[in-house]
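Reading the structure
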Amino acid sequence: MGNSFHLLDWIILIGYFVGTTGFGFYFYSRTRSVEGFTAGNRSIPGWVCGLSIFATFLSSISYLANAGKSFVADWNPFVFSLTVPMATWVAVKYFLPYYRKSKHVSAYAALEDRFGLWARIYASFFYMLTQLARMAVVMYLVALPLQVIFGWNIHLIMAVVGISVTVYSLVGGVVAVIWTDAIQALVLMGGAVVVLVVMLLKMPGGAGHVFEVAANHGKFSLGSFTPDMAEKTFWTLLLFGLAENLRNFGIDQSYIQRYIASKSDKEAKQGLWLAGLLYVPISAVFFFIGTSLFAFFHADTVVDIETRQTAALVAQGMPEADAHRQAADLVVADGIWDSPGLRDLNEVRHVVARQQLLQAGRNESDPGFAVEQEAVARSKGLGDLGDRVFPYFISTYLPPGLTGLLIAAVFAAGMSTISTSLNSSATLTLTDYYKRLVNPNASGKQEMAVLYSATISWGLLGTGLAFLLVQVTESALDMWWMLSGIFSGGMVGLFLLGLISRKTRNPAAMASVLIGLLVILWMSLPKVADMLMNARPDSALHRCGATLQNLCSGGLASHFHALLIPVIGTLVILVVGISLTGLLNLRKKL
């Protein structure tokens, strides 16, 4: 495996870190006030804010995990991307003018005006939990390529990333975050295009071969169109995408701060459209990279063999799901992975095994490590390689200089998201908690002290959660979507309830949120249990997962797909809130 950096790679990577840190110090003088730190003095060009929103959206989750998803399966997750322009239209027409007019820095101050303090605290609390989960997953996906390339300790890499982002976010505030995001957006787009061009140039048959293989294996499929809400179908992703993107554009603090930071209403709208329309084609590039990797590494060979063996087992009377699982096991047992044409994928299997053993606490210097790694590697099938294939290609097939560029692009994608989460969470800590609940008459010096200490605290918490999640994650994209669905807690439902039902008051709103949270908790338990069961068998996390699985047994578990958690949570809050409002009003008339 070509896993060494050349001098040019190091120059590019070090130059990137120096540049991003330098941006923080360059803007330090403009962020020494609360208004400068949290809103950029409302003077940033709209196109810069738009690129910043785009970079925040296109995190390492998109950069690595989307490619991994289309490598293993198809373009079903791309349905999420297709909902972004729809949410952008709603945001431009309704959300952006509202927040620009309100002048609030906190996105959730409006909920207090509508329903009271509890609504503001509820929304900001769940928002910060969502950002904490996002930071952790993104840090993992930033660290993964470097672990694949160099074999470094993934926890050490995440610590370095967490510290670096915290420093420039701390020094430069939202101004440095937004301008750095804009530059990082250009870096990560350039990196994606470069790697795709290199891949197609190296691929026998070029792009034509990719389309041929993809057509033969249904790789461009957007998923099943059956109305099965227990599976990840086209409709499941569409509903999830609409709910999630309405949350992003409508009540996500990191987006609202960019609306506010823009120079004018017109520039803010232009920037938002820039972000929304850029995301669809660029995310398509990442899905196409995953599909191209499937053809480049001859993964279709494995799938063809599995398909033939599955058909033979089904012909013998075995259920299709069981036949597919047994066919995958037979491919592993028959030694097909050792064929010369699958050398690269077999190497990735060993990378996955090595990473798994290191995360489980095994010592690489132990004499039995190599034997154990070989045994674990031979148990891995195609579905276990998704998040690791793209980093492997970067480290093995890119020429000197481009490897450094792509690693810098991976850092850019992740650090833009993490820095945004840090700044927005620190802003809410000040506006929704310290100034609102602790010290309403705080001086400017006290407010800045809170912003600085909150930025450091959230950076430490995000890094710490990344250390925890790395023990249990199998697919980073599934992990993030599940956690965001749980932690968002039906915030969109409460916000829409306030907009749609002008007669709804505090009692009905509070009751609807409580019922919505109970439904969300019920729907989340099976997926959380499965996630925890991936931890080490002797760990407390694994034992907790086993306990949750026992609780979910007996037919009480939700039969809806986990991606529908925010969708159903939103609908429950809306339906219950509107119904209770009608009943309460009817009671008053009687």
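Details of the structure are given in the entry above.
Keep in mind that what you see is a predicted model, and the values were worked out from it rather than measured. (Residues numbered from 1 in each chain as written. Predicted model: local features only at pLDDT ≥ 70, side-chain atom pairs only at ≥ 80, totals over all residues. Heavy atoms only, no water.)

**A closer look at the pattern of salt bridges**
Selection criterion: For salt bridges, the criterion is a side-chain nitrogen of Lys or Arg within 4 Å of an Asp or Glu carboxyl oxygen. Exposure classes here rest on a 1.4 Å probe applied to the protein chains alone. A residue is buried below 20% of its type maximum, exposed above 50%, and partly exposed in between.
Per the counting criterion, the structure on display carries 11 salt bridges. Here Arg42 makes a salt bridge to Glu35, at a shortest N to O gap of 2.7 Å. Given the relative accessible area of 24%, Arg42 is considered partly exposed. Of the charged contacts in the structure, one is a salt bridge between Asp252 and Arg247, with a shortest N-O distance of 3.9 Å. Under the relative-accessibility criterion, Asp252 is labelled buried at 3%. Within this structure, Glu112, Arg120, Asp432 and Arg436 form a network of salt bridges that share partners.

**What about the packing of helix α1 (residues 7-26) against helix α9 (residues 154-202)?**
Quick note on the threshold: Only C-alpha atoms enter the line fits that serve as axes; for helices the fit covers just the stretch in contact. Angles between N-to-C directions range over 0 to 180 degrees. Where helices and strands are cited, they refer to DSSP runs of H or I of at least four residues and of E of at least two residues respectively, numbered from the N terminus. These descriptions rest on fixed angle ranges, namely under 35 degrees for roughly parallel, over 145 for roughly antiparallel, 65 to 115 for roughly perpendicular, and the rest for oblique. Here, residues are in contact when the closest pair of their heavy atoms is within 4.5 Å. As a working rule, the residues Ala, Val, Leu, Ile, Met, Phe, Trp, Tyr, Cys and Pro are called nonpolar, Asp, Glu, Lys and Arg charged, and the rest polar, with Gly in that last group.
Here α1 crosses α9 at 105°, and the two axes come no closer than 7 Å. The angle between α1 and α9 places the two elements in the roughly perpendicular class. In this structure, α1 uses Tyr16, Phe17, Thr20, Thr21, Phe23, Gly24 and Phe25 to contact α9, whose residues at the interface are Ser164, Tyr168, Val171, Gly172, Ala176, Trp179, Thr180, Ile183 and Gln184. Here the contact of α1 with α9 is composed, by residue class, of 9 nonpolar, 7 polar and no charged.

**Looking at the packing of aromatic side chains**
Let me state the cut-off plainly: For this analysis, a ring pair means two rings from Phe, Tyr or Trp (six-membered ring only for Trp) whose centres lie within 6.5 Å, classed as stacked if their planes differ by under 30 degrees, edge-to-face if by over 60, and tilted for the remaining angles. A ring is considered to have a charge above it if a Lys NZ or an Arg CZ atom is located within 6 Å of its centre and within 35 degrees of its normal.
Applying the stated rule across the entire model yields 30 aromatic pairs. Ring geometry for Phe80 against Phe240: centres 5.8 Å apart, planes inclined by 35°, an arrangement best described as tilted. Of this pair, Phe80 sits in helix α5 (residues 78-82) while Phe240 sits in helix α11 (residues 234-251), and the two are 160 residues apart along the sequence. The residues Phe80 and Phe240 share a single accessibility class, namely buried. Taking the centre distance of 5.3 Å and the plane angle of 75° together, the rings of Tyr98 and Tyr99 count as edge-to-face. A relative accessible area of 36% means that Tyr98 is categorised as partly exposed. Take Tyr99: its relative accessible area is 1%, and that puts it in the buried class. Aromatic rings pair up to connect Trp75, Phe78, Phe211, Phe220, Phe287 and Phe288 into one cluster. Stacked on the ring of Tyr94, the Lys or Arg Lys93 has its end atom at 5.7 Å from the ring centre. Across the ring face of Phe294, the terminal group of Lys219 is positioned such that the distance to the ring centre comes to 4.0 Å.

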